[in-house]
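Next come the chains, spelled out residue by residue.
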Number of protein chains: 2
Amino acid sequence: MRRTYRTTEQIRALTSVARGDSPPDLLVSGGSVLNVYSGELLPAEVAVVSGRVAYVGARRLAAGPETVVLDARGRVVAPGYVDPHGHPQALITPSELARAVLPLGTTAIVADTLIQLRLMRPDRTREAMETLADLPLRFFWFLRVHGQAHSPIDATIMGMERLEGLLGLEDVRAVGEITRWPEAYAGEAGLQEKLSAALGAGRRVEGHAPGVSADRLQVLAGAGFSSDHEAIDAEQALARLRAGLFVILRHGSLRPDLPALARMAGGDRAFSGRIMLSPDGPNPLFVHTMGYMDHALKTALEAGIDPLAAYQMATLNPASYFGLDEELGGLAPGRRADILVLPDLGNPRPEAVVAGGRIAAEDGRLLAEFPVLPWERWLLPLAPGAWRPTASVFSLEGLPPTVPAMHLENTEISIRREVSIEDPPGRGGSDGYRLPEGVLGLFFLDPGGGWRCRTLLSGFAKRLGGMASTYSSGGGIYVMGRSPSDMAAAATRALDLGGGIVVFEKGTLLFELPLPLGGLMSTRTVAEAAGAVSELTALLRERGYDHHDITYSLLFLGFDSLPYVRLTYRGLWDVMRGETLIPREEMG
Amino acid sequence: MRRTYRTTEQIRALTSVARGDSPPDLLVSGGSVLNVYSGELLPAEVAVVSGRVAYVGARRLAAGPETVVLDARGRVVAPGYVDPHGHPQALITPSELARAVLPLGTTAIVADTLIQLRLMRPDRTREAMETLADLPLRFFWFLRVHGQAHSPIDATIMGMERLEGLLGLEDVRAVGEITRWPEAYAGEAGLQEKLSAALGAGRRVEGHAPGVSADRLQVLAGAGFSSDHEAIDAEQALARLRAGLFVILRHGSLRPDLPALARMAGGDRAFSGRIMLSPDGPNPLFVHTMGYMDHALKTALEAGIDPLAAYQMATLNPASYFGLDEELGGLAPGRRADILVLPDLGNPRPEAVVAGGRIAAEDGRLLAEFPVLPWERWLLPLAPGAWRPTASVFSLEGLPPTVPAMHLENTEISIRREVSIEDPPGRGGSDGYRLPEGVLGLFFLDPGGGWRCRTLLSGFAKRLGGMASTYSSGGGIYVMGRSPSDMAAAATRALDLGGGIVVFEKGTLLFELPLPLGGLMSTRTVAEAAGAVSELTALLRERGYDHHDITYSLLFLGFDSLPYVRLTYRGLWDVMRGETLIPREEMG
């Protein structure tokens, strides 16, 4: 794998400018440069040519007639932030995420390929990855080797053949995240074959091992895991570091854990180079109101992590981890010119952002131009046919009197809870189910109408007519509520939109967020999507939803590597026991 | 490039042992493990299977009937030392160096390929590199892209074709060292083509930029240099770190600079992960009497570098730099089981050494078995023909009355100094040259007798009959002295030996060290070669040699990237001006 993408032509230009033989394209002048290599703030000129840093030093290089000069007097000049673990498909597109976070200082993201693998036409995947990688914000990739939920299409969309075809791409820096860590622990042959292929290709292996003990981590490290981002307290994070794993301290909408994690990054250990920061795919509302890597970094500073170390965790450390330390993560010759002008070290939100050598944002305003992307050419349609569910699909008939049900404990964890239902609890129709307060019907449907999975859901909302969501790990459509007719209306509308989140009550459309791009992404900006998340949250809060992130509650309904029960293609699934509690029903 | 070489079979064994399902091959039990990742000394059991670390933790794994138990109670258990910059051809073979330094705790060396490229049959190079890599001490390689002296064979033996053929080998982790840094600075096209090929293949570029200013380093960093080991004081080392280069702090027989360098590795910077230690190819006498990486580490500790940081500089940092952090440099699952049992952290010389999972040494005694290597099959003969020089070859006739001569300032630096000679200064014969005291004749000869280069040499010895040495950067035979007949006798004997260092005086053989392997390497052990170096040093000290390392004085006579004048294939060469002072003479 390349450590730097600089070309011979670029090297010619870089060395010429550094020698003083030709003028730079851009000079960032008069600032104090944060040198993440030596750990210093040093007054220095930064010269850029051909998209890369040519010179950092005391010499004042002569500007040419075309040279752009960025005044950084009295300011700190820092490298752009590198997110080591992004999920750029959270209700918006990678390019909209990039447009939102570039002005906040994030200039590179090593990102999930779940959308590419699940949603894209196989013959367009590579084109899409290459096109997305070259946006003004630089995307690199971690390649999924299995879905977040077991599904019959996994074997093809994330099988060895496709994996091997994509593993050779320079921009693929890792495989993962390995959500099915128990299979790695047990030595499941299919997963091990994929891990071995990744190790043979020199790729990192992104672990996902929530709650796994120090002792069991030893097995996962031996199996090839090279990082983990699932620690939720300092002790767990330290156990991961001790096992030889790189540690990503997470702080985002799903889990804002930095205050609890920061304690492990004290003293000399802060400088280990093996600790990184990531917001781990925050929802658009969080990005819009709190920020992205800048927010994680700000929180790290507030939590008492040494400022130099904190900046390294957001810049050099992720670059080094992915073998990109000669390309990203610091201001030195040859590196991509991703440069931030900060008011001071305590304020990681930049006043100006240079990305790939061009001024990409000033004072929070995006200046970089983004191409229009041909999503229609890349994506498979969510619902191939014209099938739409009727209210009768949402009948609870045939369930046992005591139903093994899901109870949402918090945003992402669901436990099994038995619910006694009257017989019959409901047959569909506008009057709804006769169920205890706070219990909803929950369905997972094939968008083509081939099958359904059923259970009941508590801990989500006290009352709700019908809500449908294609925003899920599982690839189908989730529908929950107390009124089969509202549920049918919501699901029908979501399918009509080609994907989306829709709420109906008493026959009235209360909310819709179209997600026409594979059922996961809207065509909206982060600000617009943030408004929709805000609206949806308010709507559900009124109805009793009291967890902190509705988007992750929806996304993870079928994420069958998280405890304890999930509604998946296999039916209602007991994760720890590995058994089906209520089987899938064919509707054919 | 692979980050780890572990195979699927090994992963099966590792995870099985870590789960407790099968017994380890080896248990290092009861010690305090130096965890270089988290920066701690922690009581832990270390279990090994299939040559790799399977488990490090508190659990006491059950030993099987075949399990070897190494008692580490009261001891520190540390990862083996990794030399990032070795030259395993300094008068001995790589395997003899390995036999000497394994008991001293060095378990891996990223090593020079000068011998492979200069001395080996092209069709055997790859076989030799693969065979040498798999000795009990693990060799990786940096690939030379040019010689240490300009030579007509450079274009083929280190040309693009051969480079591209070897650059794909997993064990080749870098190219370099780039001794011709001025060509990189100037953007010389041939060198840049090689650097670009290396960067494209994801390899590091080992710099060699002695005395280069902070400002000029910017050009070299842009050209692709990723490390430098030539800093001789703290300020130079810091300038290299600031330029984004990794820094190797050198401490060996050529330059024991750690006390002067250590100051730059204070405070948080000690933990940057971008600082490494290396002895940079010490001569056998130094290895035998002082040590190797253990000595550099001990010196770093004495110089006040934080102990944890110092150990990281000798283990994890070089492993990480070369993309081998999942293979080497720390004790965590999946890593090669290169394990040291140390008396305590202050004593880096191990009581026991495990290499690749086997006990390789105890109490300084080597236990590992080394294969017999087929050097004859690999190497080209030094002198293809039967030509032997007569005394008349060493005539000074025809030199101008004022000769531009070499004066050895210290072990490795030679300056130009004019010497007036009587006419005629000598015609050969037993009575010798009529030259001022302390001035010798110096010749560089084609071992096949095709050409000679001549000058005079001062600062080396006050008196000396004749000395011949094939131990040189340049690939020919150097002969110096005041007696043409002794010089002819020494050169003849050196050629008869197939290479060597030979001293004759008044017709008597005073010293010989046969170097039949390409003229650079003996078949002796390090201890034996150390004796020879000691004997040669004493012999020359008696004759007025007052620098600190005779082996490097000989090796570098033709090293035309070092200042200021060198005797090379191009004749007497002014390095800074790039011009010939006395041309080569054809004898053919």
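Structure first, text after, so check above.
Before going into details, it helps to say that this report is about the structure given with it. (Residues numbered from 1 in each chain as written. Chains lettered and ligands numbered in written order. Predicted model: local features only at pLDDT ≥ 70, side-chain atom pairs only at ≥ 80, totals over all residues. Heavy atoms only, no water.)

Describing the interface of chain B and chain A
Then, in step 1: Contact with chain B, which involves 62 residues of that partner, is made by 62 residues of chain A.
Then, in step 2: Taking both partners together, chain B and chain A bury about 5000 Å²; carbon and sulfur atoms supply 48% of that area.
Then, in step 3: Three residues, Arg 3, Gln 218 and Arg 242 of chain B, lead the burial of chain B against chain A; their summed loss comes to 12% of the area buried on that side.
Then, in step 4: Across the salt bridge formed by Glu 40 of chain A and Arg 242 of chain B, the nearest N and O atoms sit 2.7 Å from each other.
Then, in step 5: Inspection of the chain B/chain A interface yields 30 residue pairs in polar contact (both at pLDDT 80 or more).
Then, in step 6: Sorting the residues of the side of chain B that touches chain A by element identifies helix H1 (8-19), strand S3 (40-43), strand S5 (52-57), helix H7 (181-186), helix H8 (189-200), helix H9 (214-223), helix H10 (234-242) and helix H15 (316-321) of chain B as the ones contributing at least two each.
Then, in step 7: Grouping the amino acids of the side of chain B that touches chain A by side-chain chemistry returns 26 nonpolar, 19 polar and 17 charged. (Contact = heavy atoms within 4.5 Å. Buried area = accessible area lost by both parts, 1.4 Å probe. Salt bridge = Lys/Arg side-chain N within 4 Å of Asp/Glu carboxyl O. Polar contact = N/O pair within 3.5 Å; in protein donor to acceptor, adjacent residues only side chain to side chain. Helix = DSSP H or I, 4+ residues; strand = E, 2+ residues; numbered from the N terminus. Nonpolar A, V, L, I, M, F, W, Y, C, P; charged D, E, K, R; others polar.)

Focus on the sheet that holds strand S16 (residues 339-342) of chain A
Residues and elements named next belong to chain A.
Then, in step 1: On the basis of which strands lie adjacent, the open sheet formed by 7 strands has the order S3-S2-S7-S16-S17-S18-S19 and mixed pairing. Edge positions in the open sheet fall to strand S3 (40-43) and strand S19 (365-366), since each of these has one partner strand only.
Then, in step 2: Bridge count for strand S17 (residues 352-355) against strand S18 (residues 358-362) is 4 bridges, and the pairing is antiparallel. When the sheet's bridge partners are listed, Ala 352 is paired in S18 with Glu 362. (Pairing = 2+ DSSP bridges.)

Notes on the relation of the copies chain B and chain A
Then, in step 1: Structural alignment of chain B on chain A gives an RMSD of 0.1 Å, achieved by rotating through 180° and translating 0.0 Å along the axis. On the angle and the small slide along the axis, the relation comes out as a two-fold axis.
Then, in step 2: The fraction of interface residues of chain B whose copies in chain A are also interface residues reaches 100%, indicating that both copies meet through the same surface. (Least-squares fit on C-alpha atoms with pLDDT ≥ 70 in both.)

Here's the deal with the sheet that holds strand S29 (residues 571-574) of chain B
All names here are of chain B.
Then, in step 1: The strand order across the open sheet formed by 3 strands is S28-S29-S30, and the pairing between neighbours is antiparallel. Two strands bound the open sheet, and with one partner strand each, they are strand S28 (565-568) and strand S30 (579-582). On average, adjacent strands in this sheet sit at an angle of 40° to one another, irrespective of strand direction.
Then, in step 2: Looking at chain direction, S28 and S29 are connected through 4 bridges and run antiparallel. (Axes fitted to C-alpha atoms, helices over the stretch in contact; angles between N-to-C directions.)

Observations concerning the pattern of salt bridges
Then, in step 1: Under the definition given, this model contains 77 salt bridges over all chains.
Then, in step 2: Among the salt bridges present, the one from Arg 377 of chain B reaches Glu 127 of chain B, with a minimum N-O distance of 2.4 Å. Here Glu 127 of chain B lies in helix H4 (residues 125-133) and Arg 377 of chain B lies in helix H16 (residues 375-378), a separation of 250 residues in the sequence.
Then, in step 3: Judged by its relative accessible area of 22%, Glu 127 of chain B falls in the partly exposed class.
Then, in step 4: Through salt bridges with shared partners, a single network forms among Arg 3, Asp 325 and Glu 326 of chain A together with Arg 204 of chain B. (Buried < 20%, exposed > 50% of the residue type's maximum accessible area, 1.4 Å probe, protein only.)

As for the pairing of strand S11 (residues 172-178) of chain B
Residue and element names in this part refer to chain B.
Then, in step 1: For S11, a buried count of 7 out of 7 residues is recorded, marking the element as mostly surrounded by other parts of the structure.
Then, in step 2: Alignment of strand S10 (residues 138-143) against S11, held across 3 bridges, turns out to be parallel. Bridge pairing links Trp 141 to Val 172 in S11.
Then, in step 3: Across 4 bridges, S11 lies against strand S12 (residues 204-207) in parallel orientation. Looking across to S12, one finds that Ile 178 is bridged to Gly 207.

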